[in-house]
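Spelled out from the first residue to the last, the chains are:
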Amino acid sequence: MIDRMKDIYAKHKIAAWLILLAILVTMPMYVSISNMRIVCRIMLYVILAGGLNIINGYCGQLCFGIAGFYCVGSYVQAVLMKTYHVSFWLALIPSGIAAALIGALVALPALRLKGIFLGMITIGFSELVRLIALNWTSVTGGAMGIKGIMAPKFFGIKLGGASKYYYIFLGVVLIYLFCTNRIIRSRVGRAWLSIREDELAAKSLGVDIKRYKILNFMYGSFWAGIAGAVYVAYSSYVDSTYFTLDEGFNVLGMLIIGGQGTLIGPIVGSVVAQVLTEALRVINIWRYVVYAGLIILMMWVRPQGLVGASGSMLAGNKAEKKKAAKGCVEKLERKEA
């Protein structure tokens, strides 16, 4: 059924995107405030899961610490806006760049480690950043956090509240999708895919593994930092409790459900996770048990996620690994020629 839906989408791609864009632009007109808050949260997680997808899904590196990059972007944005009175728009890119630079430092162990060992490094990094945020009181406000972060203005219009701030989330999501789609189709994206499919084969065919792994971590962490920067202005408050390991694993769960290594996967995973937990709010904490059960079921039945490709290495199909890696490198070489 999923493959059939993909075929229909391929035939009517432009019309589908135009209809979807019209629905998204007009959404605040017919959706209640309470539901718009849920929509904004979905879009936040699309950006976060998208950043994690770059690292885990497109390059095959294992990162559990996306909350750490989220934390860096959030606090840089909050400090620039609250302490130094920098506007939201001017502080946005530096927040992402700060997270990307930290991502480059975290990527250094990735040059020697892989799998669960790399994952443990990222967990340690995430907790280190959270503890720094908790204890560096003079900068981060410590346990009290940073309060009173002003909502941004656009041509004099204050974008406070979910219905107006929604357009900022929407804009960031669309920019993320456009940029990531372009990069994945470029030489850099092909290199990431070849590393994911078979690192040894990619290296033997001339791919600079170190360079592309560092670029991969930087790009993924950049978007996690942007997500944090956008969210603090929306919530007008930030403290270290936002960035626990639970939050990192929550984002990872969304990516597993939606599908790694696909642009649409983080969107599907975020929608499913948020709609499910909201719909099951009547059963209180048991809704998280249902959510966890869904993640386990997906890993067992469809490890590539709801929209992941059946022939992908992420689906457990390892017979095609070397062939896929070689194909990616050949496309790189043809582009260079």
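Data block above holds the structure.
Here's a quick rundown of the structure. Residue numbering note: each chain is counted from 1, following its sequence as written. Whole-chain, interface and lining totals are the exception, using all residues; otherwise, since this is a predicted model, local features are given only for residues with pLDDT of at least 70 and side-chain atom pairs are given and counted only at 80 or more. Calculation of side-chain values draws on the structure's entire complement of heavy atoms; hydrogens and water are dropped beforehand.

Considerations on the pattern of salt bridges
Heads up, the rule is: A pair is scored as a salt bridge if a Lys or Arg side-chain nitrogen falls within 4 Å of a carboxyl oxygen belonging to Asp or Glu. Runs of H or I in DSSP of at least four residues are treated as helices and runs of E of at least two as strands, each being numbered from the N terminus. To sort residues, take the accessible area from a 1.4 Å probe on protein chains only and compare it with the maximum for the residue type: under 20% means buried, over 50% means exposed, and anything in between is partly exposed.
Tallied over the entire structure, the rule returns 4 salt bridges. Here Glu 127 makes a salt bridge to Arg 130, at a shortest N to O gap of 3.0 Å. Of the two residues, Glu 127 and Arg 130 both sit in helix α6 (residues 116-135), 3 residues apart, roughly one turn of that helix. Assessed through its relative accessible area of 17%, Arg 130 is described here as buried. For Arg 196, the salt bridge goes to Glu 197, with nearest N and O atoms at 2.5 Å. Judged by relative accessible area, Arg 196 falls into the buried class, the value being 11%. On the basis of relative accessibility, which here comes to 6%, the residue Glu 197 falls in the buried class.

Here we look at the packing of helix α12 (residues 245-258) against helix α13 (residues 265-279)
So the rule is basically this: To get an axis, a line is fitted to the C-alpha atoms, and for a helix only the part in contact is used. The angle between two axes follows their N-to-C directions and goes from 0 to 180 degrees. In these notes the angle categories are as follows: under 35 degrees is roughly parallel, over 145 is roughly antiparallel, 65 to 115 is roughly perpendicular, and the rest is oblique. Helix crossings get a hand from a simple test, with the near helix turned counterclockwise from the far one by less than a right angle marking a left-handed crossing and a clockwise turn marking a right-handed one. Note on definitions: a residue-residue contact is assigned when non-hydrogen atoms from the two residues lie within 4.5 Å. Ten residues, namely Ala, Val, Leu, Ile, Met, Phe, Trp, Tyr, Cys and Pro, are considered nonpolar, four, namely Asp, Glu, Lys and Arg, are considered charged, and the remaining ones, Gly among them, are considered polar.
Axis separation between α12 and α13 bottoms out at 7 Å; the angle between their running directions is 115 degrees. On the basis of the axis angle, α12 is roughly perpendicular to α13. Note that α12 runs across α13; the crossing there is right-handed. Residues Met 254, Leu 255, Ile 257 and Gly 258 of α12 form the contact with α13, whose own contacting residues are Gly 265, Pro 266, Val 268, Gly 269, Ser 270, Val 272, Ala 273 and Gln 274. The residue inventory of the contact of α12 with α13, partitioned by class, reads 7 nonpolar, 5 polar and no charged.

Some details on the environment of Gly 65
Along the polypeptide, Gly 65 turns up in the loop between α3 (33-58) and α4 (66-82). Assessed through its relative accessible area of 0%, Gly 65 is described here as buried. For the pair Gly 65 and Ser 126, spaced 61 residues apart in sequence, the C-alpha separation works out to 4.9 Å. Sequence-distant contacts of Gly 65, defined by excluding residues within four places in its chain, comprise Thr 122, Phe 125 and Ser 126.

A word on a nonpolar patch on the surface
Just so we agree on the cut-off: A patch consists of residues whose relative accessible area exceeds 30% and which take part in no salt bridge; residues with like charges are grouped when within 9 Å of each other, and nonpolar side chains (Val, Leu, Ile, Met, Phe, Trp, Tyr) when within 5 Å. Note on areas: Shrake-Rupley, 1.4 Å probe, and residue coverage restricted to the protein chains presented here.
A contiguous nonpolar patch, built from Val 282, Ile 283, Ile 285, Trp 286, Tyr 288, Val 289 and Val 290 and spanning about 740 Å² of accessible area, is present on the exposed surface. Tracing the backbone shows Val 289 in helix α14 (residues 286-301). Judged by relative accessible area, Val 289 falls into the partly exposed class, the value being 47%.

Topic: the side chain of Glu 247
In plain terms, the rule: Charged residues are defined here as Lys and Arg on the positive side and Asp and Glu on the negative side; His and the ends of the chain fall outside this count. Polar contacts here mean pairs of N or O atoms no more than 3.5 Å apart (in protein, one a potential hydrogen donor and the other a potential acceptor; neighbouring residues in sequence count only if both atoms are side-chain atoms).
Take Glu 247: it is sitting in helix α12. No salt bridge is formed by the buried Glu 247; its nearest oppositely charged neighbour, Arg 41, is found at 4.8 Å. Of the polar contacts made by the side chain of Glu 247, one reaches the side chain of Tyr 45; its length is 2.6 Å. Discounting residues that sit within four places of it in the chain, Glu 247 has contacts with Tyr 45, Tyr 70 and Tyr 242.

Notes on unusual backbone geometry
Positioned with a positive phi, Phe 155 is a non-glycine residue whose angle comes to about 55 degrees. Mapped onto the elements, Phe 155 comes out in the loop between β2 (153-154) and β3 (157-158). For Phe 155, a relative accessible area of 76% gives the class exposed.

Some details on the environment of Gly 115
Position of Gly 115 relative to the elements: it lies in the loop between α5 (88-107) and α6. In this structure Gly 115 comes out as partly exposed when scored by relative accessible area, which is 35%. Spatially, the C-alpha atom of Gly 115 lies 5.7 Å from that of Leu 62, the residues being 53 residues apart in sequence.

Quick look at the packing of aromatic side chains
Selection criterion: Any pair of Phe, Tyr and Trp rings, taking the six-membered ring for Trp, is counted once the centres come within 6.5 Å. Such a pair is stacked with planes under 30 degrees apart, edge-to-face with planes over 60 apart, and tilted for the rest. The criterion is that NZ of a Lys, or CZ of an Arg, lies within 6 Å of the ring centre and within 35 degrees of the ring normal, and then a charge sits over that ring.
Tallying each qualifying case throughout the model produces 21 aromatic pairs. Their ring planes at 50 degrees and their centres at 5.8 Å tell us that Tyr 242 and Phe 243 sit as a pair that is tilted. Geometry around Tyr 212 places Arg 211 over its ring, the cationic atom sitting 5.2 Å from the centre.

Focus on the nonpolar core
Put simply, the rule is: Only buried residues count toward a nonpolar core. Its members are Ala, Val, Leu, Ile, Met, Phe, Trp, Tyr and Cys residues joined through side-chain atoms within 4.5 Å.
In terms of nonpolar packing, the biggest core is built from 88 residues, with Tyr 166, Phe 217 and Val 230 touching the most fellow members. If one sorts the elements of this core by residue count, α3 sits on top with 15 residues. Other than its neighbours up to four places away in sequence, Val 230 contacts Phe 88, Leu 92, Tyr 165, Ile 168, Phe 169 and Val 172.

Here we look at α3
The line we're drawing: For a helix, the expected span equals 1.5 Å multiplied by the number of residues minus one. Bend is computed residue by residue as the angle between axes fitted to the seven residues ending at the residue and the seven residues starting at it.
Under the 1.5 Å per step criterion, the end-to-end length of α3 is 36 Å for 26 residues, consistent within 8% with the ideal 38 Å. Considering bend angle alone, the principal kink of α3 is centred on Leu 52 and spans about 35 degrees. Counting buried residues in α3 gives 20 out of 26 residues, a clear majority hidden from the surface. Just beyond α3, the residue with positive phi is Gly 60, at close to 75 degrees.

Remember, this is a structural readout, not a statement about activity or role.
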